[in-house]
Every structure is written in C-alpha cells, then in structure tokens.
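# Structural overview for review
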Amino acid sequence: MTVRAARPAALARRFAPEIALIVILAILPAILPHIGGTYDIANRILDWGLFGLGFDLLFGFTGLLSFGQAAFYGAGGFVAAYFLIAPFTNNAIVALIAGTVAAAIFGVIIGYLSLRRAGIYFAMLTLAFGEMFFFLDISPLARWTGGENGVAGVPEPSLGFGLFTIDITDPGGLYWLLVVVFVVGFWVARRIVASPFGTVLRAIRENTARTAAVGHDVPKYKLTIFVIAAAYAGLAGGLLGLLQGYMPPDAFYLDTSGQLVVQTIIGGAGTLIGPLVGAAVWLYLYTLLQNIAGIGALWKMILGIIFVLLVTIFRRGLCGGAVVLWRRLRARPAPAPAVASASVKPTRAAPEPRRSTQRPPPTGPVVLATRNLTKRYGGLTAVDDVSFELREGEIRAVIGPNGAGKSTFFNMLANVIPPTSGTIEFNGDNITGLGATLVCQRGISKSFQINQIFPSLTVRDNLRIAVLARSYGKFRPSMLRAVDRDATVNAGIDAAAASVQLAERLDTPAAELAYGEKRRLEIGLALATQPQILLLDEPTAGMSPAERVDTVQLLRRIASGVTIVIVEHDMDVVFGLADRITVLFNGHKIAEDTPDAIQANPDVRAAYLGSQAAHESA
Amino acid sequence: MEGERIVAQRKKNSVSRRRVLQGAAAAAGTLPLIHVPRAFAAEESIGNWPEGAKGESVFVGVTVPLTGPYSADGHDLQKGYEIAFEHLNEGGGLVPHVPSLHGKKGVLGKKLVYKIADTQTQPNPAVQAQTTFITQDKAIMITGCLASNTAIALEKLAQRYRVLNMVGCSGANETTGVDCQKYAFRSQPSAYMAARALVPALAKAIGKNKKSIYLVPDYAYGHSVEHSTGEFTEKALGWKSLGSQVCPVGTTDYSSYLLNIANSGADVFVNVAFGNDAVASCKQAKQFGILDKMKMIVPNISAFQGQELGPEIMGGVYGTLDFWWTLAETNAMAKVFVDTFYAKYKYRPNWPAHIAYTQMMVWADAVTRAKTFDPRKVIAELEAGHKLQMPLGEVWYRKEDHQQVRAVPVVVGKTKAQMRNDEDFFQIVNLTPGPEVMPPDFLGCKMPTSA
Amino acid sequence: MISWPLFFSQVFNGLTLGALLVLVAMGLTIVFGTLGVVNFAHGALYGLGAYAGYVAYGYTNSFVVAMAAGALCLLIVGIIIERGLIRLYYQRPAEDQILVTFGVAIILVEGMRAAFGGLARNIPAPSWAAGIVNLHVTLYPTYRIDVLAIVSASLVLLYFVLYRTRLGLIVRAGIEDQLMVNILGINVTRTFLTVFALGAMAAGFAGVINAPIVTVTPDMGADILVQSFVVVVIGGVGSFWGAVVGGLIAGEILALTAMIQPAYSQVMLFAAMALVLILRPQGLFGVEGRQ
C-alpha cells in the first residue's frame, strides 16, 4: 500500500468504469441520429439513470425495495423548480442543491417511519407514503407546486460557479450537464459500494439479523442509505424540471416509482449501471412498440409481460446477466490461493495441550453474571430464576435435556431476546435490554446453531463484516474510502481466517463451502469481532465425528484468549472442553460444577434419565 | 464551433462558459449539430421550418391518452385525428367544403405524416413524446391532449421550440388565459365561455335566486369552472353559492362529499367533476337522492358521460358540450363530419373527435392561405380572424388570446322515452353564438405581438 | 356548516366506507399473513372481479349471479396465478414476490383495458337494494346499508372458516409460525394454493360488491390497493380483527376529514398510518416481532 503518485496506468485502472462511461457518452451524440435518438431522449435516460443510482444502492445493494421513490423525485424537483421561479436564486446549482437537500430531509422523515418495519412491510409503507406526497402535492401544497398543472416556466439552467457562470440553452448543453452529473453520481455510488459502508449494506441485504448480531447498528445504516437514495432522487427530480423547463406533477405519481422499479429490474439491480440501461430499454420499447401497427395501447401490457418474465427467469437483468457471462468467459482454472497460509500470523497462541478436568478452576474476576434471570412466554416459564457467574478465561458449558431452557437462556445472554425479569451484568455493568448489537460492541459475540453467514459473499467479505464492526464501531458512514485498503481490517480478516482455518478459502463464496467449513466460518464471524466472551450455540451441530474432533481442537485453541460459554448436545465435546458445567432442567439451574462432579451428580442423572423416559413414553 | 450553441441570453460571463463547454465537446471529439433555432429575422429559419417542410411530406406529432383514466376519450380523439389526416391527404370528408382546400390532396401538396404517442393521461409522457416528435421527426405542428394540465404543458413546449400547437381537449380558462402562448390555439370553449353560454338556458329552466353548491375536483380546470359558473349564475341569475366540496382528482367514492351536499339545503347541484370522476359522482349523487331533491348542472359534460350514465341519471341535466352529433341535423358541414366518421368507425363522433378533426381542418386552411408552413405566417393567418365554415357554423380565432370564437352548444339530457337511438342522449337547447360568450378581458392573457 | 345530523351521517358513512375497505383488506392480510406474500396485484384482481360481475350481469341481469361470477371467476384466476407464477416464488426473497405481483398487476390492468376499453361500466344496484332509506339524520342509499350486511355476513363466514375449520387452523398457525407448519408435515402446497385463491376470490367478490357504488374501470383497483395497505398497517398483518378495526378506522377518517377539510381526507389517512407506526409499529392487533 504505497502512496500512489498519479501514475496514469493506475489512475486509468482506478477510474476504468468512469472512463468507459465518459467515452461511451461522448461518442453517443454522434451515433444518436442514426439510432433514432435525440438529445432529449438521451437526457431523460440519463436522468432516470441518476434517479436509479440511488434506488440501486437502496434495493440492489441493501435489499430495501421502495415503491415510494417518486416522493423524493417530486419533492426535489418541485423545490428546485420553486427556487428558480420564485425566484430565490438564478443559479441552477443552488436550486439543485436545495432540491437535493429537501429530498434528503423528507428521506429522513419517511425513512424513519418506513424503516420501523422491514421486508414486504417496507415496500407497502414506502408506497403508501409516496401516495401521501402525491395527495399533498395536488391539493394542500398546490399553491407552491401548481397542483395538477405542475410548475411551468422553469428557466434554462444557469450554472453559477462564483467567478463565472455557464448558461445552458439547448438540449446539447443539457446533455453535457447531465453527463457530468451522472458520471460524478456514478463515481460516488461506486465508491460507496466499495467502501466499508457499502460492505455493511451488502451484509444487510444478505442477512440483516447477523449483521446486527456482529455489532452493526442496522437501522442507522438503513436510514443513511435511504436518505442517500432520496438525495439522488431529489437531484434527478431537479434536473428533470431543468431539462424540460417544466416540472410535471407526474413526478409524484405511483407510476413513476413503478417505472423506476421496472427499469432497474430490466437493466439489472445491483449493477449501478442497470437502471440507466433499463431506462434506455423502456423508452426504446415505448417508442418502438407504439409504432407497430395493431399494438398501440398494448405497449404497456407487453412491457408488463417482459417484466414478469425477467423477474421469473432472468432476475439479474441485462447488466447482471452480462456480468455473469463476462465472468464465465474469463473463468480460468482456479489459481492457487494468493495468500500462503504460512504467511498469516495467528493472533492467538499455538494450540494448547489437551485441556483436562484437572485444570485448576478459573479464578479470574467475574465477567458475566445473571441475577434471577426469568423468561415467561404466556403461562410457560422457559427460564426460571437463574443466577449464574462466569469468570474470565473460563470455558463454561450449559447443558440440559431438550426443553430445559438452554437456548432461551443463551439468547438472553446475547441480548437477542429480553428477559421477563432479572438482570445480566457484564464486567459489572447492567447490560439487560441493550440489544444484540450493543452487547456485541461491548464484547459478547454469539455464534448460531443454524449457520447465519452471508452466503453470496466470499469468506473474506464475510469476515470483513465482522471485523468492521469491531474496528469501525456500530455505525460509521465511511463511504468514500476503499474498504480493501484498510490494513487494520485486512489484518483482522487474516487473523480470524487463520484461527478458524479458512485462510486458503478466503476468496471462495461462502455458499460454496463444505458444511464443516461453513460451521467454522460461523464461529469465525463471532470470533472476528474480537469478543471478550464468545457464546457458542451447538458449534458442532450436524458435524461428522471427525469434524467434531477438529472443532474441539479449534475451540481449545481459540479459548486461550477468550472466555467461552457453550451450549452443546454432544457430551464428548462438553466434557472435553468445559472447565465448569451448568445444568438447566425445566428452566431451573439444578447443578453447576466441574465436569467430574457433574458426571457424578445424581440430580443431573435423574433429570436426563427422566426426560429420556418421558420422551420415550410420548 | 457551432455545435454547442451556447447562446448568451443573460448578462453573464460568456467567454468562460463557452470555453468550458466547447472544451467538453472537443474532448469528446464530436460536435453534435442539434440545436433549437430561434426567431431573429423574418426570413430566418424558425422552429422546424423550413427544415421540416423540405420533403414530400410534413410531420405532425400527436399525443393522446390511450392508457390511464382518460383512455376512452383518448381513443375518440385519436380517431378524430386519423380520419382528419386521411381526409386531408385524400381530399375527402370536409376538405371539398373548405374553399381553400377544395380539390386538393395533402396540404400545400405535401402529404401529412403523423405518429400517435400514448400520454398515459399524464403530462410528462406527453411532453416527452412531443419533444421527440419535434426534435427527431421535425414536426411542423403538434397537437392532441386530453386534460388542461397537459394542454398547458404542451403549449409551453411549443412556444419553447417555436412549433405550432393546435391544442386538443382543454377547458380550463388558463389555456387561453394567463398561460396563453403565441404558438398555441385552442378551439374548445373555455370554462368561462361554457358558463356564460349556460346562463340563458338555466334562467329558463331553473329560474332565478337559487342556492347552489359545487363539487369541484381540485385542479386548475375544476377551479376555473367553479369560478366562472359561480360568477355568471350570481351576476345574471342571482344565485347564491353555499360553497364547494373540493375533492382530489381520481376519487372513486364521493359519499362523504355528497352527504355534505345533500345536507346543504341547496336547490342546484353543480357537478364540475370530469371523466370517470363525473361518472362516479353523478351515479352516487343519484343514489343519495340528490338528483331528486336538486337540479344537477354539469357545466362541461364529458365525452362519454351520456353513454356511461344513461338517461336515468343524465335525463334533465343541463350542461354544455363542445359538439354534439345532432348538429348534423341542422348543419351540412356537421352532417358530412358525422356521416363520414360513422361510416368508418360505426359510432357517432364525440366531442374529442370533433376537436381533433376541426382543428386539423382549420390549420390546413390557414397553412394553405398562408402558402407556407412557416409558423410565423400561419400564426398571422390564424390571427387575421378569417371566418371559416365548420360543423359549428362560422369559427375564427381571436388575435388577443388565440381562443376560437365559436358557438357553444347548450344541451339537456334526454329521458329514456325521448331517445330516438342508442346514442341520442342530449338535446341541444341553445347554440349560443360565440361572440356573445367571449371573455372581454382575455382572462389575463398577454399575447406578444410577434412570433 | 357542520351540524349534528351531518356529523352522525358522516360517522355512519364512515362505517360503510370502512366496511368495503375491510372486505378488500381482508383478502390481502390473510394471504400476506399465511404465505408471506404481499399481493400488489390485489387491486387489479379486485377490478377483474368487477368486470367478471359486469359481464355476468350483462347476460343474466341478476346481481346475485354477478356476485357469484365475480367470486368464482377470481377463484379460478387465483388458482392460475398461484400455480403459474406465485408457486415459483415461495423460496425466493420477499422482494421478488412483490415484483412479480406488481408485474401481474400491470398485465391485468392493461389486459382489462384491451378487452373492455377505458369507458366506465356500471352494474346497477340490485332491485332489492335500490332506493333510499330515511335514517332520520339523513337519507342514505339502501344499497350501501345492504353492503354493511353483506360485508358482515362475509366476515362471519370467514371467521367461521378461520376459527372453526382445519384449513383455518393451518392458516392461523401459518400466520403464527410458518416453519412450524412446514415441520408438522401439513400439505403446505395445497394450503398455499387454497389461501391464495381464496384471497383472489375475496378481492373479486369485493370488486362486484363495490361496482354498484363506484364505476368499473381498468384502473379502479389502484387507489383501493393503497388504502388497503394502510388498513393492514394500521390493523396489523395477518390479523382478522386488525383488518376489521383498521378498515373501520380508515373509513371514519376518510368520512370525517371530508366533512371538515375535504382536500386533506387522503392525507389524514396516511398521517394516521404514520402515527400507528410511531406508537405501535406492529399495528393495533399485530403480533410483536413478526416482520
């Protein structure tokens, strides 16, 4: 990582997509007349493309499907138009900024409300709020927005740069303005995607719950990208008014949001350039289909059919498909792993000899304690008045027959679910009710019984997500720096990969890992947040006996620097690892002692046998 | 370096701006040559003239709503254009009856070519499509729309590109009022004209000193109609308005508003809603018993309102129409139009088709008499006030606001028993002559003197 | 201008407006709750039901036949859409389901326009419900009062199906915990088909019921879809009583705001939704934790 002087070759590589875009957009005017296009159409496509950049960040990269983007497109457009005709300013740049800021402010409000629910709820809410803006536009705010008439007479853009001014008076000039804005917008979007912030966005798309569990403040990230998307929409809306001298009320229509969604899917979500391509296809088909005799009004239905087919069988869209094709064509035999495992320095010490029950009982300070922890579901008490203390450096197993309340107890420790009563203390602080994200930030990390990894990301990116939560905190909108250039984070990834023996698989998509490797990655994710306490929920679930042996060794190695609580069914694992064992039965703690003592404990025996008998009779 | 025509309109630093944009163009290695010519001297090119009139044919850009709430009206409008272009190109229909066009095929010997684009009942697609028609197809004239918001947007577009716009359907006062444009001409009666034309018939049928209440869709057209109707019924008839129920456009259930109206104690219910909104609100007003208690007036009746609501609801309702086909019984020109239309499409034309058809005839006549497609000269010819016989009788444009002076048919809905055929929904009670209803103050229009 | 009689009339009117919303939202919320599919084509199906009723009425002049036709026709359409498309989507992200139903809505709406044109069509109120009733505070259309009865009867029937039949048990269990239902080895495929088709049927039925009040046009479902989203959000997803209460609240808001400040009636509806989101994000009757 040397500081690069602007070496042309390196710069060209760095800005390759932008350079390619500029070249294509620069040649386009020469081709336009031959393909039946005009500057006006090109301008509209660029405007849709810009609008779509924000939407793609929101939907393609973060997985948030909004049907209300028209609200911001319209808000930005009308504020910008109003600034110019009021006139508060003659400078189109000031008006555009005002529109963008206004859209972003509306984005904060609508985002705050809509993001209170996720998934399909979110789509419904954005659609409903989008409609609210439409109704506000046409009636209560008609004095400013012109209601159904829109705002006509938006002056041709005059761009003031302080010392000099550029007046743009024809579609050709507008084209260059839009090209500049789009390329800059594209560059910013691409930087966001490649930034630590962008990595967290993709993590949210892949697995929201896990992103929160490794310590990222998901709602803040979502709101931030929602506001960014709103700002893009506002800027595009402002430009729409400028490019046709008229700000149409349609900007607020549900159809506008719908068209944006359709165009993005056709072009390819998650590609940034997709919405632009989709807009070109839409406008081209709109013109083409209408001029075919006998189709006329059916053009929209045909587009609808194309859309449904694309969603069903070609979800990646045109650009996504092209990317896949390109990768397939370039695919060569997999090269040897770039990073030799020997060069990776493990952070933890070398494996310890087999721990035995003879190990002296841990005497460090109490790091985690529960006081009278209780969880009730309706009439059922899952965990009843459990008090428990964990000392630093200890490996503690929590066992108990099925239905003993282990998982509930465990989830309360990780703050995944709140207790009905009782408290949890960590390093002497009451952490009850903080939530998984904050608890993870404080140093308690949990690995899950069912793998909660980020399947379509590589192992490296999986671990990066967890490492980022540690080194960047729960929320840091670091959008413009390249995530792969952060040496601290890279070191963290390598260390975590080494400790779960995945150093050679760093560039493999997580979905392609073998089951045992996925399990190790699952543990690695928890470990990469560098917790003080690691909570392992059945780490060997579903593993073959050989894999279990490996895993036990792995865990023992890890344990040298970290306190562990483990829930496990496999008694070989439990007795091979644990310093002390807590036994839960029917929600009560019935025993807590060294493995040897537990083995001899008659209550524990009775509990297991009794539950066994009950199971068999059932 | 003509490519990026950077016109110094404002008193700004033109040197640096020129350098910046030319730099961009030069860097791109291309110098695109698409620009918008502007008015300078009379001999200079303007808009798409003469470029758009050089070939064997001239292009006309047409936008109509084929999808969205006004799609039914849009299809009628579309047919009006299609048959008008057919007649102009073949010398059929009304063409032999227009003196300047008699015996001619095409306009100034050129064939009319056109494309029709769907506006989806929204202004933005209309502006988008017409921009393409103007910049790419070199349209010599643009026309067609079915809502005042679209009409006004297209008027301004036409003005910007200096291309003539023969406005389609638009009833708002603004179209030839505050938003009037040198390059745009409207034939449909404005809300003002409709209201003024209605007054004598209302005096006879309903009487003086009544209480009225309005249902008003919340957009320019709705407020225009409410304002004009209120003004005239108050001044001429002494009616008192008890207020208005303003509702969003596109409302499907009007029950809340209608309850307010039903409980208002008014004698007359003025329903300003248009299109599907008019159909839904009239139908529901009937269900709420309002039509039994009050007289309903629809100042501007939608194209298919008779057909959609039937005589049970529309019987006895007063209103105005741009055109009604029974004019064919008294006017030879109307008969030619209605008959040729019926022969081709198997139904009698509604007023959108009439607007489309006659606007094209009036334009062709003006171009022929001007002997050029040069919009400045065509505008001058249209402004000259030459009177032309059309299905409504003599029509001409006013110079001051580009509103057509034309008769306004005042109609009353027929009852089932009165209908002679299944399209015989209205009886014309008065054909109010145009000059009697024109707004004297031009409704705020300040028409520039030169194009 | 606001008098007590007018106030009471508007409160009553809010009830009937709400009843219609309940009917439309119910299909949406049950499908949503059970299948986890939010059907953006629900409004289009509602419109299609109205057209089916319109055609049937044209042949028979019987409103009862029209109701049956609207419901049955949409049951079949629901089966076709589920088998042909939605079934492929259960394993895919929720966003894809939204996208595909959104696309289906475009096709259906434009298909209706191609088949029937853009002209508004009417189904008259049935002869047994024509006329006006004097409610003392106001005159009120008989049919709208009958709609209250029809909706109530349909809801009672639905309640019975949901709470007294095996299908209802599975549906309710599915709303609570989908994974569990799968584990219990219940034939999910058939249940999903049934539920989706019933949801479509409910939409179609609501379309016919609404047709005598509103006009039948291809775009008639757009507004009602958005309003039923609001109802579902206010009431809570998958909740029978949530849909009922949410629908009635929405109806009252529309009616009472229209009395005071008509231009704000739609906006107030969304404001109410925002309020619920702030105070009780899961909806009035929603289960906490469910997304």
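Residues numbered from 1 in each chain as written. Chains lettered and ligands numbered in written order. Predicted model: local features only at pLDDT ≥ 70, side-chain atom pairs only at ≥ 80, totals over all residues.

What follows covers the overall build of chain B. A count of helical and extended segments in chain B gives 15 helices and 15 strands. By principal-axis analysis of the C-alpha atoms, chain B measures approximately 75 × 50 × 40 Å. Across the 451 residues of chain B, 63% fall into the buried class. Long-range contacts, defined here as pairs at least 24 residues apart, represent 70% of the contacts in chain B between residues at least 6 apart. (Helix = DSSP H or I, 4+ residues; strand = E, 2+ residues; numbered from the N terminus. Buried ≥ 20, exposed ≤ 12 C-beta atoms within 10 Å, placed from the backbone. Contact = placed C-beta atoms within 7 Å.)

Okay, the overall build of chain A next. For chain A, the count of helices and strands is 24 helices and 14 strands. Its C-alpha atoms put chain A at 90 × 55 × 55 Å along the principal axes. Taken over 618 residues, chain A has a buried fraction of 55%. The long-range share in chain A, meaning contacts at least 24 apart out of those at least 6 apart in sequence, stands at 75%.

To continue, consider the sheet that holds strand β9 (residues 429–430) of chain A. All names here are of chain A. If you trace the four strands from one edge of the open sheet to the other, you get β6-β5-β8-β9, paired in antiparallel fashion. Of all strands in the sheet, those with a lone pairing partner are β6 (380–391) and β9, marking the two edges. Strands β5 (366–377), β6 and β8 (421–426) of the sheet are contacted by helix α16 (residues 406–413), whose axis makes an angle of about 55 degrees with β6. (Pairing = 2+ DSSP bridges. Axes fitted to C-alpha atoms, helices over the stretch in contact; angles between N-to-C directions.)

So, on to the interface of chain C and chain A. Facing 33 residues of chain C, the contacting portion of chain A comprises 35 residues. At the level of secondary structure, the elements contributing two or more residues to the side of chain C that touches chain A comprise α4 (94–116), α9 (221–235) and α11 (265–279) of chain C. Ranked by residues supplied to the side of chain C that touches chain A, first place goes to α4 of chain C with 15 residues. Of the residues contributing to the side of chain C that touches chain A, the split by class is 25 nonpolar, four polar and four charged. (Nonpolar A, V, L, I, M, F, W, Y, C, P; charged D, E, K, R; others polar.)

What follows deals with the pairing of strand β11 (residues 533–537) of chain A. Residues and elements named next belong to chain A. Burial analysis of β11 places five of its five residues in the buried class, which makes it a mostly covered element. Of the two faces of β11, the one lined by I533, L535 and D537 and the one lined by L534 and L536 are each fully buried. In this structure, strand β10 (residues 444–447) lies alongside β11, joined through four bridges in parallel fashion. Bridge pairing links S445 to L534 in β11.

Ranked by size, the top nonpolar core spans 466 residues in total, and within it A128 of chain A together with L74 and V230 of chain C carry the most contacts. Take this core: its biggest share by element is 17 residues, from helix α11 (residues 218–244) of chain A. When neighbours within four sequence positions are excluded, A128 of chain A is seen to be in contact with V226, F229, V230, F270 and M273 of chain C. (Core = buried A, V, L, I, M, F, W, Y, C linked by C-beta atoms within 7 Å.)

Our focus in this paragraph is the confidence of the model for chain A. Scored by pLDDT, chain A comes out at a mean of 86, with 93% of its residues at no less than 70. Note that pLDDT drops below 50 for residues 334–358 of chain A; the model gives that stretch 30 contacts with residues more than four away or on any other chain. (pLDDT = per-residue confidence, 0-100.)

Residue and element names in this part refer to chain A. Between the first and last C-alpha of helix α3 (residues 39–61) there are 31 Å, a value that for 23 residues agrees with the 33 Å anticipated at 1.5 Å per step. At F55, α3 shows its largest kink, close to 40 degrees. A large share of α3 lies buried, amounting to 23 of its 23 residues. The first or second residue beyond α3 is G63, which carries a positive phi of 80 degrees. (Expected span 1.5 Å × (residues − 1). Bend = angle between axes of the 7 residues up to and from the residue.)

Let's shift gears to the packing of helix α2 (residues 42–60) of chain C against α9 of chain C. Residues and elements named next belong to chain C. Where α2 contacts α9, the two axes come as close as 8 Å, and the packing angle between them is 135 degrees. It follows from the interaxial angle that α2 and α9 lie oblique. Our pair here, α2 against α9, has a crossing hand that is right-handed. The segment α2 lies against α9, with H42, G43, A44, Y46 and G47 engaging G221, A222, I224, L225 and S228. The residue inventory of the contact of α2 with α9, partitioned by class, reads five nonpolar, five polar and no charged. (Parallel < 35°, antiparallel > 145°, perpendicular 65-115°, else oblique. Left-handed = near helix turned anticlockwise from the far one by under 90°.)

Let us look at the sheet that holds strand β2 (residues 111–118) of chain B. All names here are of chain B. In space, the five strands of this open sheet follow the order β2-β1-β3-β4-β5, with parallel pairing throughout. The sheet is open, and its two borders are formed by β2 and β5 (184–185), each paired with just one other strand. With eight bridges connecting them, strand β1 (residues 57–64) and β2 associate as parallel partners. Paired with V62 across the two strands is I116, which belongs to β2. The sheet strands contacting helix α3 (residues 123–135) are β1, β2 and β3 (141–143), and the helix crosses β1 at an angle near 175 degrees.

To continue, consider α11 of chain A. Along its 27 residues, α11 of chain A runs 39 Å from first to last C-alpha, staying within 8% of the 39 Å computed at 1.5 Å per residue. Summarising burial for α11 of chain A: 24 of the 27 residues are buried, a large majority.

Residue and element names in this part refer to chain B. When you line up the elements, D277 lands in helix α8 (residues 276–287). By C-beta crowding, D277 is classed as buried, having 25 other C-beta atoms within 10 Å. Once residues lying within four places of it in the same chain are set aside, the contact partners of D277 are P217, V249, G250 and T251.

Once that is clear, we can look at unusual backbone geometry. Between A86 of chain A and P87 of chain A the backbone carries a cis peptide bond, its omega angle lying at -20 degrees. As for its position among the elements, P87 of chain A is in the loop between α4 (69–85) and α5 (92–114). Here the amide bond leading from W49 of chain B into P50 of chain B is cis, since omega sits at 5 degrees, within 30 degrees of zero. Residue E538 of chain A is not a glycine yet carries a positive backbone phi of 45 degrees. Mapped onto the elements, E538 of chain A comes out in the loop between β11 and α21 (545–558). Residue E538 of chain A is classed as buried on the basis of its 21 C-beta neighbours within 10 Å. Even without a glycine there, the phi angle at L108 of chain B is positive, about 50 degrees. Inspection of the secondary structure assignment puts L108 of chain B in the loop between α2 (71–90) and β2.

Another point: the environment of G147 of chain A. Topologically, G147 of chain A is positioned in the loop between α7 (142–145) and β1 (151–152). For G147 of chain A, a count of 22 C-beta atoms within 10 Å corresponds to the buried category. On a C-alpha basis, the gap between G147 of chain A and D137 of chain A in space is 5.8 Å, while along the polypeptide they are ten residues apart. Contacts of G147 of chain A, omitting those with residues within four sequence positions, involve I138, S139 and A142 of chain A together with D218, Y219 and A220 of chain B.

On to the environment of M479 of chain A, then. All names here are of chain A. With respect to the helices, strands and loops of the structure, M479 is situated in the loop between α18 (459–472) and α19 (487–499). In this structure M479 comes out as partly exposed when scored by C-beta crowding, with 19 C-beta atoms within 10 Å. A sequence separation of 290 residues divides M479 from A189, and the C-alpha atoms of the two residues are 9.1 Å apart. Setting aside residues no more than four positions away along its own chain, M479 makes contact with R191, I192, S195 and F197.

Our focus in this paragraph is the packing of helix α7 (residues 255–262) of chain B against helix α1 (residues 4–35) of chain C. It is the contact of α7 of chain B with α1 of chain C, at a shortest axis distance of 10 Å, that shows an interaxial angle of 155 degrees. In terms of their interaxial angle, α7 of chain B and α1 of chain C are classed as roughly antiparallel. Note that α7 of chain B runs across α1 of chain C; the crossing there is right-handed. Contacts between α7 of chain B and α1 of chain C involve S255, S256, L259 and N260 of chain B from the first element and L6, S9, Q10, N13 and L17 of chain C from the second. Taken together, the residues of the contact of α7 of chain B with α1 of chain C sort by class into three nonpolar, six polar and no charged.

We now examine the pairing of strand β7 (residues 395–399) of chain A. All names here are of chain A. Among the five residues that make up β7, five are buried, leaving the element largely enclosed by the rest of the structure. Here β7 shows no split at all, with I395, A397 and I399 on one side and R396 and V398 on the other all buried. Inspection of the sheet shows β7 paired to strand β12 (residues 563–567) by four bridges, in the parallel sense. Paired with V398 across the bridge in β12 is V567. In this structure, β7 lies alongside strand β13 (residues 580–585), joined through four bridges in parallel fashion. Note that in β13 the partner of R396 across the bridge is R580.

Put simply, chain B has an average pLDDT of 88, and 90% of its residues get 70 or more. For residues 1–42 of chain B, every residue scores under 50 in pLDDT, and the model assigns this stretch 66 contacts once sequence neighbours within four places are set aside.

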